[in-house]
Amino acid sequence: MDQTTAQALFESGACLVILDTPTGIEFGIDLDTWETGPLFKGLKMIPPGIHYIHYRYFSLVVAKRWCQETEDLVAVNEEDTERIRQNIRDLDKGLGAYQTGENNQTYTQWQQLTCKITPKLLHEVLPPHGCFSSATGSAYEDEEMAAVLKKLKQQAPAMAEQGVSAADLQSIIDAEPTTDCASTDRFNFTPINIRHSFPPHATPDELRRFSKDKSWLLRSILQSRTCEDILGEFQLAFLVILVGQNFCGIEHWKRILHLVLGSAEVLGDARVVETVVVPVLRCFMSQLRVCPHEFVASVLEQDNFVAEILQEFVLNVYESGGGLDPEIARLRAVLKMFDWVLPEGQQLQTKADEEEGEYAPQVVDL
């Protein structure tokens, strides 16, 4: 980068000053990460948009001064902030530059990954002050705890036969959950109960149809959340797991992917396809393009979830007339990066017919 360009970026870009940062911590912005040196004082030439400041020590937070006692970043008072602003050039040698060179794709990728995340969404979803760590919780942990307790109650008779006393068993069941529902250190994602995807008082036919096809649930959520909200949460949840390493993110990301790509009936609704299905699919492809192979292997391939939902989507598109075949062709090209093979719709249809056969679900009138 020539001196004139650097000067222009310094004048027009934002500066993030971090005081008293120890040497050797991992510090980053968006998709870039560095190890801090003895002269590090923050970042400069930061372009407009939403940015994610992260560091690896014991937690993850956006702030302005390193606190040795808590090993955390804390705010700088207004007086010091103004002094820094007036003398920002004095810190120039200690400010790492945001990577925006012609051959650096980080900022372009970051824009693609965050284009639907708004300040309003961040305020709604993130804990107070926009700060979270790898330990920040969500309602999904509460669901998991409830499921564990339910299973424990079901297994109580068998456990009693194995010698577990009634008092010990009851103390386990009555134990307080490890998550604190009243805690402010929680993500407030839109609730998506993917297992209860049918309407209240559903008929037997509706139970059968919408337990598999998530169209009713998607339409229900769209009554209270906009298409942009869903896309924004999909992008944010991905970054929470990819950069923030918080597994609440992957759970919400999976549910949105299942919700949208697992909805067959809405493929006949051009508006929903155009505003939700195609944007989520394209967003998913953008996310895959920046994923390290080890991340895909350890997270996205876990439980074979992604492969199964993509196959379900291809089959739904095939059965609906193949209107999204060009998008699926682009998806196949991206999946080749990870040696994933996505079967053709005809293959999946044949396999589905063979698996169902005489065991296909039946609706019985009583």
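These figures come from a predicted structure and were not determined experimentally.

Parameters at a glance
Residues numbered from 1 in each chain as written. Predicted model: local features only at pLDDT ≥ 70, side-chain atom pairs only at ≥ 80, totals over all residues. Heavy atoms only, no water. Pairing = 2+ DSSP bridges. Helix = DSSP H or I, 4+ residues; strand = E, 2+ residues; numbered from the N terminus. pLDDT = per-residue confidence, 0-100. Contact = heavy atoms within 4.5 Å. Axes fitted to C-alpha atoms, helices over the stretch in contact; angles between N-to-C directions. Parallel < 35°, antiparallel > 145°, perpendicular 65-115°, else oblique. Left-handed = near helix turned anticlockwise from the far one by under 90°. Nonpolar A, V, L, I, M, F, W, Y, C, P; charged D, E, K, R; others polar. Salt bridge = Lys/Arg side-chain N within 4 Å of Asp/Glu carboxyl O. Buried < 20%, exposed > 50% of the residue type's maximum accessible area, 1.4 Å probe, protein only. Patch = residues over 30% accessible without salt bridge, like charges linked within 9 Å, V, L, I, M, F, W, Y side chains within 5 Å. Areas by Shrake-Rupley, 256 points an atom, 1.4 Å probe, with all protein chains shown as cover. Lys, Arg positive; Asp, Glu negative; His and termini not counted. Charge placed at Lys NZ, Arg CZ, Asp CG, Glu CD. Phe/Tyr/Trp six-rings, centres within 6.5 Å; stacked < 30°, edge-to-face > 60°.

Engineer: What's the story with the pairing of strand 3 (residues 32–35) in this structure? I'm lost.
Structural biologist: The side chains of a regular strand alternate between the sheet's two faces. With 4 bridges connecting them, strand 2 (residues 26–29) and strand 3 associate as antiparallel partners. When the bridges of strand 3 are listed, Phe-27 appears paired with Trp-34. Between the antiparallel neighbours strand 2 and strand 3 lie 2 residues, among them Asp-30 with a positive phi of about 55 degrees.

Engineer: Would you take a moment to explain the confidence of the model for the protein chain for this structure?
Structural biologist: Fine structural detail should not be taken from predicted coordinates in areas where pLDDT scores are low. Overall, the prediction assigns the protein chain a mean pLDDT of 83, with 86% of residues at 70 or greater. The low-confidence segment residues 58–63, where pLDDT is below 50, has 23 contacts with residues more than four positions distant or belonging to other chains.

Engineer: Would you take a moment to explain the packing of helix 14 (residues 305–319) against helix 15 (residues 325–335) for this structure?
Structural biologist: Pairs of packed helices are described in terms of their axes, by the angle between the two and the distance that separates them. As a packed pair, helix 14 and helix 15 sit with axes 11 Å apart at the nearest point and diverge in direction by 155 degrees. Relative to helix 15, the element helix 14 is oriented roughly antiparallel. Two packed elements cross with a definite hand, and for helix 14 against helix 15 that hand is left-handed. Along its contact with helix 14, which presents Leu-310, Phe-313, Val-314 and Val-317, the element helix 15 presents Asp-325, Ile-328, Leu-331, Arg-332 and Leu-335. Here the contact of helix 14 with helix 15 is built from residues that sort into 7 nonpolar, no polar and 2 charged.

Engineer: How should I be thinking about the pattern of salt bridges in this particular structure?
Structural biologist: Side chains that differ in sign of charge can pair as their charged atoms come close. If you walk through the whole model with that rule in mind, you get 15 salt bridges. Arg-225 serves as the salt-bridge partner of Asp-229, at 3.8 Å between the closest nitrogen and oxygen. The same class applies to Asp-229 as to Arg-225, namely buried. A salt bridge links Arg-225 to Glu-233; its shortest N-O distance comes to 3.2 Å.

Engineer: Sorry, what's going on with a negative patch on the surface here?
Structural biologist: A surface patch of like charges, here negative, comprises Glu-319, Asp-353, Glu-354 and Glu-355. With 3 residues, the top contributor of residues to the negative patch is helix 16 (residues 345–356).

Engineer: Even after reading the chapter, I still don't get the packing of aromatic side chains, so can you show me in this structure?
Structural biologist: Applying the stated criterion across every chain, the model contains 9 aromatic pairs. Ring centres of Trp-253 and Phe-284 lie 6.0 Å apart, and the angle between their planes is 35 degrees; on these two criteria the pair is classed as tilted. Remark: Phe-284 occurs in helix 12 (residues 270–290) and Trp-253 occurs in helix 11 (residues 247–261); sequence separation between them is 31 residues. Of the two residues, Trp-253 and Phe-284, both sit in the buried class.

Engineer: Which parts of the structure should I look at to understand the packing of helix 10 (residues 227–242) against helix 12?
Structural biologist: Running from N to C, helix 10 and helix 12 cross one another at 20 degrees; their axes reach a closest spacing of 10 Å. With respect to each other, helix 10 and helix 12 are oriented roughly parallel. Helix 10 and helix 12 meet at a crossing whose hand is right-handed. The residues of helix 12 that touch helix 10, namely those facing Cys-227, Leu-231, Phe-234, Gln-235, Phe-238 and Leu-242, are Thr-275, Val-276, Pro-279, Val-280, Cys-283, Phe-284, Gln-287 and Val-290. A breakdown of the residues in the contact of helix 10 with helix 12 according to their chemical character gives 11 nonpolar, 3 polar and no charged.

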